[in-house]
Amino acid sequence: MLSEFRLPALGADMEEGTVVQWNVAPGDAVRRGQVVAVVETDKGAIDVEIFEDGVMRELVVQPGTKVPVGTVLARLETAGESASPSPAPGPAGAAETAAGSRARISPAARVRARELGVEVASLTGTGPGGAITIEDVEKAKRPAQPSREPPAAKAGEHDMAQAGGMRAAIATAMSRSKREIPHYYLSLTKDVTGAVDWLAARNASVPVTERLLFTALLIKAVALTCRDVQGFSGFYRDGRYEPGPSVHVGVAVALRGGGLVAPAIMDTADKPLPALMEEFRQLVMRARGGRLRASELAAPSIIVTSLGDADVDAVFPIIQPPQVAIVGSGAVSSRPWVVDGKVEPRQLIVLSLGADHRVTDGRLGAQFLAGIAERLAAPGKL
Amino acid sequence: MTPGPGSRITYREAVKQAIREALAQDPRVFLMGEDVGKYGGCFAVSKGLLDEFGEERIRDTPLSESAFVGAGIGAAMAGMRPIVEIMTVNFSLLAIDQIVNNAATICHMSGGQFPVPVVIRMATGAGRQLAAQHSHSLEAWYAHVPGLRVVEPATIDDARGMLRPALESPDPVIIFEPISLYNMEGELTEAAAGVDLSHARIHRPGRDVTLVTYGASLWRCVTAAEELAASGIEAEIVDLRSLRPLDDAAILGSVRRTRRVVIVDEGWRTGSLSAEVAMRIVEQGFYDLDAPIGRVCTEEVPIPYPKHLEDAALPDPARIVAAVRRTMGNAQ
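First, a word on scope: everything that follows refers to the structure included in this document.

Procedures and definitions
Residues numbered from 1 in each chain as written. Chains lettered and ligands numbered in written order. Predicted model: local features only at pLDDT ≥ 70, side-chain atom pairs only at ≥ 80, totals over all residues. Pairing = 2+ DSSP bridges. Helix = DSSP H or I, 4+ residues; strand = E, 2+ residues; numbered from the N terminus. Axes fitted to C-alpha atoms, helices over the stretch in contact; angles between N-to-C directions. Contact = placed C-beta atoms within 7 Å. Core = buried A, V, L, I, M, F, W, Y, C linked by C-beta atoms within 7 Å. Buried ≥ 20, exposed ≤ 12 C-beta atoms within 10 Å, placed from the backbone. Domains from an automatic or database assignment. Nonpolar A, V, L, I, M, F, W, Y, C, P; charged D, E, K, R; others polar. Parallel < 35°, antiparallel > 145°, perpendicular 65-115°, else oblique. Left-handed = near helix turned anticlockwise from the far one by under 90°.

Here's the deal with the sheet that holds strand 5 (residues 119-124) of chain B
All names here are of chain B. On the basis of which strands lie adjacent, the open sheet formed by seven strands has the order 3-2-4-5-7-6-12 and mixed pairing. Each having just a single partner strand, strand 3 (58-60) and strand 12 (242-244) make up the two edges of the open sheet. The sheet shows a mean angle of 20° between the axes of neighbouring strands, direction not considered. Contacts between helix 3 (residues 65-77) and the sheet are confined to strand 2 (29-33), strand 4 (81-88) and strand 5, with strand 4 contributing the most and set at about 160° to the helix.

Okay, here's the thing in structure tokens:
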């Protein structure tokens, strides 16, 4: 069948992108996950992966063209018939629903439904064996899906787009976050002297390239805690919380030209520390080189943002929609701390949590934050 | 003596007129077959032609299909334009070696040096209580073979008009004449002079469902379409006319308009022309279909002799109507 490859939303804040180049030509066989195009977005040039195996038939959008999210970029011939009308890429959820039972619908009706943007799952068929026919689809026709961001988001603001695409993207996402998400914030000061010492001892015995950063411990601790305490790694969509299919911790990376991105380390909780560290290093490098992959930007189910190098005590982080939580950390610094009734210099860090009150309450948030702190206290088990 | 356009004649008479015209216009044309001369043809198609054209050109043959079909192939290669009549498609199996191994291949194997412009006419199909050895519809066997052209006139005009282009074709052409249509009467129109061997024809336009058919089943479809029209379902009937090559464009064009299709084929379902047509629709028009493709074929039995069993084995309007209603679902 002929399948459409649409410009994916590389994060909830993205509304359009410019095709910079195609890495494939019509007639080329492609595999799911292959980087087929480079798209310039507010977050820099992104390697965009394709979602299905197949053979490229037609490159619809020419390099240099700026198009909205959802635009058909190319068409490809795929072996099977796709159950979801437009392969919605993106964080979690979407693909899973495609499995399961298929609607009984005629081929022509399926094509028509796609043209009209009608969701076939909700239709009642009047054809042979109760199959959905073209007529059923046309009867159910309703206006095309509203764009994911109401125009109001942009109205009233001065033209941020001209000030820089990245700024505009952050503006859109953070405005939406503050408009829609009732945040609550918690913070916790933790003595991490043990972890710092453990790191120093470990790093002393390995080559520079294999040294671990404290951030790697924090990322892993967050990932593991997401498994222990539910409600923080996932998405809030259509009025309800959906847990992420796997914990993909996004890491906020500041870019040299200003702005930031938060690509994911996939399946974070399953990765041993050295592998996680290496991936983190690569991710930062690629983020700063503007060569992130679409799936990395779309995948995070929770984000860790650390301003340790900026010498601040604490971060009060803002959730990136549609996620429901974000963990912040300030600098690890030597401070007076009471140990066994005596004041001692210890390595302290302030961990913070911004969480969505629609999904969780403060008590659960406290449990989550304490879980992270506890994990950091036993770095050998991370 | 020769009835012209506008007159009502039988299918048999239309075929006879075509043969008479060919004999009169081209001295290379001759007719041969079992009982075509003195007896006038076992279905009386050539009655009177012996008196008119003489034994040289209306030749009775021995009861040896392989021999006289082979003679026809040789005569065609030597520059004649033979019309070979085989009583029924069942008997043609005695000559299938000549038809498939020689007629269909020689032009290709000789690099185009020896075309075989033979025309082989044979009766086909059931409906006259002629029992299993005289009633089968084996068109698909020949439609399978590259190098042959296979046509089946279902109307008076086609019965009258197809012989001329068949004789003009450099390829061997097999003309199937449905036994049950010889006595059918109809109006001969001027269109008969312009028919070709390649195209299917919309016999009846309609918007709701396509009936793809050929031969005697055309008229079963016409009856079914009238009954369907009474309940508001407009069936479009595609008369294939040419069974090899198949006119994909006409079939798909109709299916794209109606999005539903029922194929009516007097052949047996298994390995039939209906299967080939359905597969082409799936290959080229899958996304145009709004319902599964339906088929009405002959029951998978040797055609029975008793009238009620013969009728029960063949496609009939009631089964066609039922198949159409199944493709319509509740939308009827």
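Points about unusual backbone geometry
Cis geometry is found at the peptide bond from Pro-321 of chain A to Pro-322 of chain A, where omega equals 5°. Secondary-structure assignment places Pro-322 of chain A in the loop between strand 17 (302-306) and strand 18 (325-329). For the peptide bond that leads from Arg-244 of chain B to Pro-245 of chain B, omega is 0°, which places it in the cis range. Positionally, Pro-245 of chain B belongs in the loop between strand 12 and helix 11 (248-258). At Asp-35 of chain B, a residue that is not glycine, the phi angle is positive and equals roughly 65°. Within the secondary structure, Asp-35 of chain B is located in the loop between strand 2 and helix 2 (49-53).

Concerning the nonpolar core
Membership of the largest hydrophobic core comes to 98 residues, with the highest contact counts inside it found for Val-119, Ile-120, Ile-174, Leu-211, Val-262, Ile-320 and Val-324 of chain B. Considering each element in turn, this core owes the most residues, six residues, to helix 1 (residues 11-25) of chain B. Summarising the domain contributions, this core has at least three residues from each of domain 1 (8-194) and domain 2 (201-328) of chain B. Listed in part, the 78 residues of the second largest apolar core include Val-36, Ile-219, Leu-283 and Leu-297 of chain A.

As for the interface of chain B and chain A
If you look at the interface, chain B gives 13 residues, while chain A gives 12 residues. Taken together, the residues of the side of chain B that touches chain A sort by class into six nonpolar, three polar and four charged.

Let's talk about the packing of helix 10 (residues 217-230) of chain B against helix 14 (residues 317-328) of chain B
Residue and element names in this part refer to chain B. Direction vectors running N to C along helix 10 and helix 14 enclose 55°, while the axes themselves pass 8 Å from each other. On the basis of their axis angle, the class for helix 10 and helix 14 is oblique. Our pair here, helix 10 against helix 14, has a crossing hand that is right-handed. Where helix 10 approaches helix 14, its residues Arg-220, Cys-221, Thr-223, Ala-224, Glu-227 and Leu-228 are matched on the opposing element by Pro-317, Ile-320, Val-321 and Val-324.

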